[in-house]
Amino acid sequence: MKMDQDADPQLRIGFIGAGNMAFGIAKGMLSGNVLPINIKVSAPSSTNQGRFQELGISVTHSNTEVVSGSDLVFVAVKPHLVPLVLSEVSPHVQQKQIIVSVAAGVTLAVLEELLPENSIVIRLMPNLPCVVQEGALLFARGANAKQEDGAVLRSLLRCCGLVVEGPEAWIDIHTGMSGSGVAFVYLFAEALAEGAVKMGMPSALAHSIASQTVLGAGRLLRDSGKHPAQLRSEVCTPGGTTIYGLHTLEQGGVRASVMSAVESATEKARELG
Ligand code: NAD
């Protein structure tokens, strides 16, 4: 069943900030029916702007120009810069515009305080795999953002990966599990490869097989809809190699470590707010 509508091709989209997250979202959107001509990106220096221009997206150094010419604006600067940037653009924000912040830890209450009264605000937490249309994105609507505003955002992001709506309290948990979790998976992939190198496999081949293993395991997990424990038990032949390896991982406390990693990353995200 198709849940999400195609994006309105006339919708004008702005990005304040030209960093990795803005690029990931913009690239994901372009793989849908969003046209580069309808996107504008601002950043103080030209350093990061070239890769947007290569996609046909126009760039500027003026944040107010982006806000004035957009129906929906992504605020994609580092969290500590959000107050500065929103104070600058606030006089130009209009009631019908949708402001979407991706800044970790900056709450809806803070965003609404920095913007004109009754502004439509959405808090979005994406993760980096948006750039390959395999992101995991969670958003929460502010007091004045209606369901249809959430639907507009969903339509734009539907090619970025999995997009879900939830209460704001889940945003920090999502940051810990999925925003930071990408790095946890990379660490696991690196360790897989290093194990193979230790056992005598050439490094380049080990890294390439490790990344394919992570990709394949992830796709099978998502596409089968099975619980990870079920898939894991299907790989375990009694007395076979996998159960020996899993026993070693359990002895190393990998399950508790990963749970604690999500917990501490979530707590850190809460502290930022
Ligand atoms: P980044 O450092 O790659 O990009 C920040 C961009 O902001 C740069 O292009 C910089 O030039 C620009 N900038 C700085 N000052 C500015 C100003 N005054 N006006 C306009 N632009 C300005 O950072 P990033 O990784 O893209 O992160 C951006 C936001 O996304 C952060 O708030 C972060 O919390 C959030 N986020 C990032 C990730 C991730 O995986 N990178 C995941 C989830 C959320």
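Coordinates for the structure precede this section.
If you're wondering where the values come from, they're calculated on a predicted model, not measured in any experiment.

S.K.: Would you mind going over unusual backbone geometry in detail, with residue names and values included?
M.R.: Within the chain, asparagine 118 stands out as a residue other than glycine whose phi angle is a positive 70°. Note on placement: asparagine 118 falls in the loop between helix H5 (108-114) and strand E6 (120-125). Among the residues examined, asparagine 118 registers a relative accessible area of 44% and is labelled partly exposed.

S.K.: Kindly report on the nonpolar core, identifying the contributing residues and their values.
M.R.: If you look at the biggest cluster of nonpolar residues, it comprises 34 residues, and the most contacted ones within it are Ile13, Phe15, Met29, Phe74, Leu124 and Leu157. Elements with a contribution of two residues or more to this core: strand E1 (13-16), helix H1 (20-30), strand E2 (39-42), strand E4 (72-75), strand E5 (98-101), E6, strand E7 (135-141) and helix H6 (147-157). Of all the elements, H1 adds the most residues to this core, at 5 residues. Excluding residues within four positions of it along the chain, leucine 124 makes contact with Ile25, Phe74, Val100, Ser101, Val102, Leu137, Leu138, Phe139 and Leu157. Counting 23 residues, the second largest nonpolar core, distinct from the first, contains Val106, Val121, Leu138 and Ile171.

S.K.: Give me the lowdown on the site of the ligand, citing residues and values where you can.
M.R.: Around the ligand sit 22 residues, and of these Ala18, Met21, Asn63, Val77 and Ala104 come closest. Contact distances for the ligand include 3.5 Å between an oxygen atom and a backbone N or O atom of proline 79. Contact distances for the ligand include 2.9 Å between an oxygen atom and a backbone N or O atom of alanine 104. For the ligand, whose accessible area on its own is 840 Å², the fraction buried by protein is 80%. By residue class, the composition of the shell around the ligand is 15 nonpolar, 6 polar and 1 charged.

S.K.: Which residues make up the packing of aromatic side chains, and what values go with them?
M.R.: Taken as a whole, this structure holds 2 aromatic pairs when the rule is applied. Here phenylalanine 15 and phenylalanine 74 contribute two aromatic rings whose centre-to-centre distance is 4.8 Å and whose plane-to-plane angle is 10°, an arrangement assigned as stacked. With phenylalanine 15 in strand E1 and phenylalanine 74 in strand E4, this residue pair connects regions lying 59 residues apart in the sequence. Both residues of the pair, phenylalanine 15 and phenylalanine 74, count as buried. With 5.4 Å between their ring centres and 90° between their planes, phenylalanine 23 and phenylalanine 52 make a pair best called edge-to-face. Here phenylalanine 23 is found in helix H1, whereas its partner phenylalanine 52 is found in helix H2 (residues 50-54), with 29 residues between them in sequence.

S.K.: I'd love a proper account of helix H7 (residues 169-179), names of residues and values included.
M.R.: The periodicity of an α-helix, 3.6 residues per turn, causes residues three or four positions apart to be oriented the same way. Turning to H7, its buried residues number three or more, namely Ile171, Asp172, His174, Thr175, Gly176 and Ser178. Those residues of H7 hidden inside the fold are in contact with E6, E7, helix H8 (181-198) and helix H12 (254-272).

S.K.: I'd like a description of the pattern of salt bridges, backed by residues and values.
M.R.: Applying the stated criterion to the full structure yields 11 salt bridges. A salt bridge links lysine 40 to glutamate 65; the shortest N-O distance between them is 2.7 Å. Placement of the pair is lysine 40 in strand E2 and glutamate 65 in helix H3 (residues 63-68), with a sequence separation of 25 residues. Its relative accessible area of 25% is what places lysine 40 among the partly exposed residues. One salt bridge connects glutamate 250 with arginine 255, and the closest N-O pair in it is separated by 2.9 Å. The exposure class assigned to glutamate 250 is partly exposed, which follows from its relative accessible area of 40%.

S.K.: Can you lay out the side chain of aspartate 149 for me, pointing to particular residues and giving the numbers?
M.R.: By the element assignment, aspartate 149 lies in helix H6. Despite being buried, aspartate 149 has no salt bridge partner; lysine 146 is the closest side chain of opposite charge, sitting 5.4 Å away. Polar contacts involving the side chain of aspartate 149 include one to the main-chain amide nitrogen of lysine 146, which spans 2.7 Å. Setting aside anything within four residues of it in sequence, one finds aspartate 149 in contact with Ile98, Ile120, Ile122 and Asn144.

S.K.: Could you give an account of a nonpolar patch on the surface, naming the residues involved and the relevant values?
M.R.: On the surface, Phe188, Leu192, Leu249, Val254 and Val258 cluster together into a nonpolar patch covering about 370 Å² of accessible area. Those elements that provide at least two residues to the nonpolar patch are H8 and H12. Here phenylalanine 188 lies in helix H8. The exposure class assigned to phenylalanine 188 is partly exposed, which follows from its relative accessible area of 42%.

Criteria and cut-off values
Residues numbered from 1 in each chain as written. Predicted model: local features only at pLDDT ≥ 70, side-chain atom pairs only at ≥ 80, totals over all residues. Heavy atoms only, no water. Helix = DSSP H or I, 4+ residues; strand = E, 2+ residues; numbered from the N terminus. Buried < 20%, exposed > 50% of the residue type's maximum accessible area, 1.4 Å probe, protein only. Core = buried A, V, L, I, M, F, W, Y, C linked by side-chain atoms within 4.5 Å. Contact = heavy atoms within 4.5 Å. Near = heavy atom within 4 Å. Polar contact = N/O pair within 3.5 Å; in protein donor to acceptor, adjacent residues only side chain to side chain. Areas by Shrake-Rupley, 256 points an atom, 1.4 Å probe, with all protein chains shown as cover. Nonpolar A, V, L, I, M, F, W, Y, C, P; charged D, E, K, R; others polar. Phe/Tyr/Trp six-rings, centres within 6.5 Å; stacked < 30°, edge-to-face > 60°. Salt bridge = Lys/Arg side-chain N within 4 Å of Asp/Glu carboxyl O. Lys, Arg positive; Asp, Glu negative; His and termini not counted. Patch = residues over 30% accessible without salt bridge, like charges linked within 9 Å, V, L, I, M, F, W, Y side chains within 5 Å.

Structural measurements only, silent on function.
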